[in-house]
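Coordinates in review
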Amino acid sequence: MSTKQWPLWEVFVRSKNGLEHRHFGSLHAADADMALENARDVYTRRNEGVSIWVVESKNITASNPEHNGEMFEPAKDKVYRHPTFYELPDEVKYM
Amino acid sequence: MSEEQIRNLEKQFEERIARDEKIEPKDWMPEKYRQTHIRQMSQHAHSEVVGMLPEGNWITRAPSLRRKVALLAKVQDEAGHGLYLYSATETLGITREEMYEQLHTGKAKYSSIFNYPTVTWADMGAIGWLVDGAAIINQVPLCSTSFGPYARAMVRVCKEESFHQRQGYEIMIKLANGTPEQKEMAQDALNRWWWPSLMMLGPTDAESVHTEQSMKWKLKRKSNDELRQQFIDQTVPQADLIGLTIPDADLKWNEERGSYDFGEIDWDEFWQVVKGHGPMNKERMKARVGAWERGEWVRDAAMAHAEKKAERKEKEAV
Ligand SMILES: [Fe+2]
Ligand SMILES: [Fe+2]
């Protein structure tokens, strides 16, 4: 039995210039170079990408969905952040 | 957590799924949901991986370069499908090693269809056409299943599958229009793969244990028998079109139902193969475990190399 397992990496792919990198999935690889090569073979076999990022999964800090209340609720009652909150006379154009 | 609280959470959870919300890995989920998904998704991944073996058998003997690149690309896709699914399963808290261990020790199952041998080139045609065809019917509904990582993996898988089926059917067309020997070879492959392909869609509804729960969690949208009927209805005309005969004397168009009636499936054979007594069960596991063990020094070497490189980088930085 091998003593060490290859670590897990998260793969982000930009499908074409002008678009953001999007999370595509994950894979195991010994190091970053191998993770990039594997990501190319696993996630871009049909020209799905023009750029790839790989990040070792352990370096990602994720928010906890159980705390979604404290985390995201504060934004919910701030309707004044949206244009529709402001009342304008109908005659006003282009605003 | 009290039982009352858990019941409450479960109720909210089921409601979320009923509203078509997706469940993501870090969300609270009932233990049974987690375990069922680990089981189904890892078995799905195993099937993709073991499924490479019967076709891998013919890559070096493909009759032309065109057929060879296509088959190679298809088998590579299946490796990809296995990888998408393994990593989606890992989000539920099981490691890749545990899953391999379950496969290699026979604790986890994979699709029984891959325990049949591939004895002629026509089998590559029959597998693409029928086995990938049946797989597509099984997989399309999973693109909208409730567990986010599974659904996303399936969207990618389904996009890739249609080429698999078409390349298989194209092989059958060519053979069916070839010499009498070639046509006979195509017919023989159809004869051998037809019934196992029907079995691939799972036991009859009367015998299927998980259906109700699976429907709720959107792991299933139609019953096995419905899927089987769909497969038969769409495949029979494809056989007719190229002059091959479905090996079922009872197959008959039923005007009233708007579907084909078909003969009895040999479920004893199905269960025998599931239990490990199919023609190739031992062979497949031997090949799979052998590949894993023979690859161990490569995995270790890659790790050692990565560590050395990291060390060197650190030294240079000092
Ligand atoms: Fe596949
Ligand atoms: Fe496939």
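Parameters at a glance
Residue numbers here run from 1 along each chain, matching the order of that chain's written sequence. Chains carry letters and ligands carry numbers; both start at the beginning, A for chains and 1 for ligands, and go up in the order they are written. The predicted nature of this model means local features are confined to residues of pLDDT at least 70 and side-chain atom pairs, given and counted, to a pLDDT of 80 or more, with totals for whole chains, interfaces and linings taken over all residues. For side-chain calculations, the full set of non-hydrogen atoms in the structure is used, while hydrogens and water are omitted. Contacts are assigned to residue pairs that have any heavy atoms within 4.5 Å of one another. Once two parts are put together, the accessible area they lose, assessed with a 1.4 Å probe and summed over both, is termed the buried area. Salt bridges, as used here, are contacts in which a Lys or Arg side-chain nitrogen is within 4 Å of a carboxyl oxygen on Asp or Glu. For Na, K and Ca the donor cut-off is 3.2 Å, and for all other metals it is 2.8 Å, counting N, O and S atoms only; because water is absent from this set, sites may look incomplete. In short, tetrahedral needs four donors with all angles between 85 and 135 degrees, square planar needs four and octahedral six donors with opposite donors over 155 degrees apart and all other angles between 65 and 115, and whatever is left is irregular. Labels follow the DSSP assignment, with helices taken as runs of H or I lasting at least four residues and strands as runs of E lasting at least two, numbered in each case from the N terminus. Exposure is judged per residue with a 1.4 Å probe applied to protein chains only, and the accessible area is read against the type maximum: over 50% gives exposed, under 20% gives buried, and values in between give partly exposed. Here the aromatic set is Phe, Tyr and Trp, taking the six-membered ring for Trp, and pairing holds for ring centres within 6.5 Å; pairs whose planes are under 30 degrees apart are stacked, those over 60 apart are edge-to-face, and all others are tilted. Here, a charge over a ring is recorded when the distance from Lys NZ or Arg CZ to the ring centre is within 6 Å and its angle to the ring normal is within 35 degrees. Residue-level confidence of the predictor is summarised by pLDDT, bounded by 0 at the bottom and 100 at the top. Pairing between strands requires that DSSP locate at least two bridges from one strand to the other. Lines fitted to C-alpha atoms define the axes, with helix axes restricted to the stretch in contact, and inter-axis angles between N-to-C directions lie between 0 and 180 degrees.

- The name an unreviewed UniProt entry assigns to chain B is 1,2-phenylacetyl-CoA epoxidase subunit A, from the organism Gelidibacter gilvus.

- The name that an unreviewed UniProt entry assigns to chain A is 1,2-phenylacetyl-CoA epoxidase subunit B, with the source organism given as Gelidibacter gilvus.

Concerning the interface of chain A and chain B
- In this assembly, 23 residues from chain A lie in contact with 22 residues from chain B.
- Where chain A abuts chain B, roughly 2,100 Å² becomes buried across the two surfaces, and 48% of that area is made up of carbon and sulfur atoms.
- Linking chain A to chain B there are seven salt bridges.
- In this structure, Arg46(A) and Glu160(B) form a salt bridge, with 3.3 Å as the shortest nitrogen-oxygen distance.

Here we look at the coordination of the iron ion (ligand 1)
Residues and elements named next belong to chain B.
- Note on the iron ion (ligand 1): its protein donors are Glu-48 (OE), Glu-78 (OE), His-81 (ND1) and Glu-161 (OE). The metal-donor distances range over 2.1 to 2.3 Å.
- Of note is the iron ion (ligand 1), whose four donor atoms meet at the metal with angles of 82 to 155 degrees in an arrangement that counts as irregular.
- In the primary structure, the donors to the iron ion (ligand 1) are separated according to the pattern E-x29-E-x2-H-x79-E.
- In this structure, the iron ion (ligand 1) is positioned 3.3 Å from the iron ion (ligand 2), and both are ligated by Glu-78. One end of the pair, Glu-48, is in helix H2 (residues 31–50); the other, Glu-161, is in helix H7 (residues 148–176), and 113 residues separate them in sequence.
- Looking at Glu-161, the relative accessible area reads 2%, which means it is buried.

Description of the environment of Val42(A)
- By the element assignment, Val42(A) lies in helix H1 (residues 32–43).
- Note on Val42(A): relative accessible area 8%, which makes it buried.
- Separated by 17 residues in sequence, Val42(A) and Gly25(A) place their C-alpha atoms 9.5 Å apart.
- With sequence-adjacent residues up to four places away left out, Val42(A) is seen in contact with Leu27(A), Leu83(B) and Tyr84(B).

Some words on the coordination of the iron ion (ligand 2)
- Looking at the iron ion (ligand 2), one finds its protein donor set to be Glu78(B) (OE), Asp132(B) (OD), Glu161(B) (OE) and His164(B) (ND1), positioned 2.0 to 2.2 Å from the metal centre.
- In primary-sequence terms, the residues that donate to the iron ion (ligand 2) follow E-x53-D-x28-E-x2-H.

Description of the packing of aromatic side chains
All names here are of chain B.
- Taken as a whole and assessed by the stated rule, the structure comprises 17 aromatic pairs over all chains.
- Relative to Phe-231, the ring of Trp-194 has its centre 5.9 Å away and its plane inclined at 25 degrees; by these criteria the two rings are stacked. With Trp-194 in helix H8 (residues 180–199) and Phe-231 in helix H10 (residues 224–241), this residue pair connects regions lying 37 residues apart in the sequence. Like Phe-231, Trp-194 is buried.
- The ring of Tyr-84 has Arg-156 sitting right over it, with the charged end atom 5.5 Å from the ring centre.
- One cation-aromatic arrangement involves Arg-288 over Tyr-100; the distance from NZ or CZ to the ring centre is 5.1 Å.

Section: the confidence of the model for chain A
- When pLDDT is averaged along chain A, the result is 93; 97% of the residues meet or exceed 70.
- Averaged pLDDT values for the elements of chain A fall to 90 in helix H2 (residues 68–72) of chain A and rise to 98 in strand E3 (residues 51–56) of chain A.

Structural notes on the sheet that holds strand E1 (residues 8–14) of chain A
All names here are of chain A.
- With antiparallel pairing, three strands are arranged side by side in an open sheet as E2-E1-E3. Sheet topology places strand E2 (21–28) and E3 at the edges, where each strand pairs with a single neighbour. Put simply, the sheet's adjacent strands are angled 25 degrees from each other on average, direction ignored.
- With seven bridges connecting them, E1 and E2 associate as antiparallel partners. Opposite Val-13, over in E2, you have Arg-22 as the bridge partner.
- Its contacts with the sheet put H1 on E1, E2 and E3, and the angle it makes with E2 is roughly 110 degrees.

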